[in-house]
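Residue strings, one per chain:
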Amino acid sequence: MLPTGHPATAPLRRDSVEHMHAIVVSEPGGPEVLQWIEQPDPAPGPGQVLLDVAATAVNRADLLQRRGLYPPPPGASEILGLECSGVIAELGEGVSGWNVGDRVCALLVGGGYAEQVVVAATQLLPVPDGMDIAVAASLPEIACTVWSNVVMVAGLSRGDVLLVHGGGGGIGTHAIQVGKALGATVAVTASAGKLDRCRELGADLTVDYRSQDFVTEVKKAYGGANVVLDNMGAAYLSRNIDVLAPDGTLVVIGMQGGTKGELNIGKLLAKRGKVTATGLRGRPDTGKSGKAAIVTAVREHLWPLIEEAKVQPIVHAELPITEAAKAHEMLDSPDTVGKVVLRIDRV
């Protein structure tokens, strides 16, 4: 890292530098700590590819890492960014099935807020036919999160009721569409201003979490939910058990409502219910719980739904990467629906 940098609002230039640039966190804090500075060029190792990044997308994990609350796993890049799109610039030893020049998007453990990034070839997905390459950057994290949890873990199937908390966010807007494409009935919680958009995406039941009780509304309409996709954690734990249908599954993927809650085992036993908590970033590349298996399943089962436009990326805004601070503020806004994309506009 160079000893000096520029705020993330500085112009993007590559005409007089020898190395790539990236957004780095100068110190834990607010969006103003994001700096666009020169970084060493990455090089692919065995089984990896080097991408010239076209775009990345902002995830809530990035905001937490910026604040010092979500450090990257050991050995991972400290540069923000859990997904990107771009063009393959170089293949590492042993990589097959991909070629230099291929347009791809990728699931990352970090490093996406940069002009180049190295990623395991097993975590690549082709840019869907007809999709803008920058828009494709918004897909890998939400696609792999939703598919691995809702389908691979919870086993959502046709006729089930899926309850999605945070229906207006990137994961929520994607989960609504996936649920409908698989023949499920979808209920969501969201703020009042986002409910119309959730209905447009296919939600059958929308609940204003500020003024309505989702347990009451879902049980009144459907008797309960077979699958609950939860980003709140502790704050919703008890009510999520209440809303489960018999043999239902609660999948916790976030902790926006805290980390410690009380679980009523009696209620869970009576419903033969399951509670599971899964993360994506810290998974190994390969193996039983590895990212490679998830990416393979997403490409086989979800990518055709995307190419048929049954599931579409929902992008609230596209900004140049030098406006990363603004993008972080935007993701925190109650008016934002879907993803915020950061483009690499080379000059």
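Residues numbered from 1 in each chain as written. Predicted model: local features only at pLDDT ≥ 70, side-chain atom pairs only at ≥ 80, totals over all residues. Heavy atoms only, no water.

### Comments concerning the overall build of the protein chain
Alright, step 1. Scanning the protein chain from terminus to terminus reveals 10 helices and 16 strands.
Alright, step 2. Relative to a compact globule of 347 residues, whose C-alpha radius of gyration would be 20 Å, the protein chain shows 20 Å and is just as compact.
Alright, step 3. Across its three principal directions, the C-alpha atoms of the protein chain cover 65 × 40 × 35 Å.
Alright, step 4. In the protein chain, of all internal contacts separated by at least 6 residues, the share reaching a separation of at least 24 is 67%.
Alright, step 5. Only carbon and sulfur atoms are counted for the fraction: they give 50% of the accessible area of the protein chain, which is about 14700 Å².
Alright, step 6. Side chains of the protein chain give 30 positive and 38 negative charges; the mean places of these two sets differ by 9 Å. (Helix = DSSP H or I, 4+ residues; strand = E, 2+ residues; numbered from the N terminus. Rg over C-alpha atoms; globule rule 2.2 N^0.38 Å. Contact = heavy atoms within 4.5 Å. Areas by Shrake-Rupley, 256 points an atom, 1.4 Å probe, with all protein chains shown as cover. Lys, Arg positive; Asp, Glu negative; His and termini not counted. Charge placed at Lys NZ, Arg CZ, Asp CG, Glu CD.)

### Focus: the pattern of salt bridges
Alright, step 1. As enumerated under the stated definition, the model contains 12 salt bridges in all.
Alright, step 2. Put simply, D332 and R60 hold a salt bridge, and the shortest N to O gap is 3.1 Å. With D332 in the loop between α10 (324–331) and β16 (339–343) and R60 in helix α1 (residues 60–66), the pair connects residues that are 272 residues apart, well separated along the chain.
Alright, step 3. For K267, the salt bridge identified is with D242, shortest N-O distance 2.7 Å. (Salt bridge = Lys/Arg side-chain N within 4 Å of Asp/Glu carboxyl O.)

### Some words on the layout of surface pockets
Alright, step 1. Here the second largest pocket defines a volume of roughly 530 Å³.
Alright, step 2. Lining the second largest pocket are 31 residues, and of these Q48, A76, S77, V109 and V118 lie nearest its centre.
Alright, step 3. Split into classes, the residues belonging to the lining of the second largest pocket amount to 15 nonpolar, 11 polar and five charged. (1 Å grid on protein atoms, 1.4 Å probe; cavity = no way out; pocket = protein on both sides within 12 Å on 5 of 7 lines; lining within 4 Å. Points joined across faces, edges and corners; volume = space filled by probe spheres on them. Nonpolar A, V, L, I, M, F, W, Y, C, P; charged D, E, K, R; others polar.)

### What about the side chain of D62?
Alright, step 1. Position of D62 relative to the elements: it lies in helix α1.
Alright, step 2. Lacking a salt bridge, the buried D62 has R281 as its closest oppositely charged neighbour, with an N-O distance of 6.3 Å.
Alright, step 3. In this structure, D62 is in contact with A57, L80, G81, L82, Y113 and H328, ignoring residues within four places of it in sequence. (Buried < 20%, exposed > 50% of the residue type's maximum accessible area, 1.4 Å probe, protein only.)

### Description of the nonpolar core
Alright, step 1. Residues V298, L302 and W303 are the most contacted members of the largest nonpolar core, which totals 45 residues.
Alright, step 2. Among the elements that make up this core, the one with the highest residue count is helix α9 (residues 291–307) (eight residues).
Alright, step 3. If we skip the residues at most four places from it in the chain, W303 touches C105, L125, P126, P128, L139, A143 and V298.
Alright, step 4. Grouped together as the second largest cluster of nonpolar side chains are 37 residues, I23, L108, A121 and L319 included. (Core = buried A, V, L, I, M, F, W, Y, C linked by side-chain atoms within 4.5 Å.)

### Structural notes on α9
Note that an α-helix has 3.6 residues per turn; residues three or four places apart therefore point the same way.
Alright, step 1. A maximum bend of about 40° is found in α9 at R299.
Alright, step 2. Along α9, the residues classified as buried are K291, A292, I294, V295, A297, V298, L302, W303, L305 and I306.
Alright, step 3. Tucked into the core, α9 has its buried residues touching β6 (103–107), β8 (124–126), α3 (140–153) and α4 (170–181).
Alright, step 4. Phi for A309, located one or two positions after α9, is positive at around 65°. (Bend = angle between axes of the 7 residues up to and from the residue.)

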